[in-house]
Amino acid sequence: MKDCKANHSIKCVVSSCDYHCQNENYCSLDSIRVGTHEANPTVEQCTDCQSFQKRK
């Protein structure tokens, strides 16, 4: 992402996301949506950042 403005309220280490600030481990979005792929999530691995967009 060009001209990335890091949101220091959202830490992120997923460098393959288009919203990841490459020079810092932060997201550039104002907010993110967290969801799940499980009917009854019980551990953190059941949750997902649904704002993820693969870097082009």
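To keep things clear, this report deals only with the structure shown in the data block. What you see is a predicted model; the values in this text were computed from it and never measured.

Cut-offs applied
Residues numbered from 1 in each chain as written. Predicted model: local features only at pLDDT ≥ 70, side-chain atom pairs only at ≥ 80, totals over all residues. Heavy atoms only, no water. Helix = DSSP H or I, 4+ residues; strand = E, 2+ residues; numbered from the N terminus. Buried < 20%, exposed > 50% of the residue type's maximum accessible area, 1.4 Å probe, protein only. Contact = heavy atoms within 4.5 Å. Disulfide = S-S within 2.5 Å.

A closer look at the overall build of the chain
Scanning the chain for helices and strands turns up zero helices and four strands. The helix and strand sequence of the chain, counted from the amino end, reads β-β-β-β. Burial analysis of the chain (56 residues in total) assigns 29% to the buried set. Sequence-distant contacts, at least 24 apart, represent 22% of the contacts inside the chain between residues at least 6 apart.

Details of the state of the cysteines
According to the stated counting rule, one finds one disulfide in the structure shown. In this model Cys4 forms its disulfide with Cys21; the gap between the sulfur atoms is 1.8 Å. Its torsion about the S-S bond being -65°, the disulfide of Cys4 and Cys21 is classed as left-handed. With a gap of 17 residues between them, Cys4 in the segment before β1 (7–11) and Cys21 in the loop between β1 and β2 (26–27) connect regions that are remote in the sequence.

As far as function goes, none of this settles anything; it's purely spatial.
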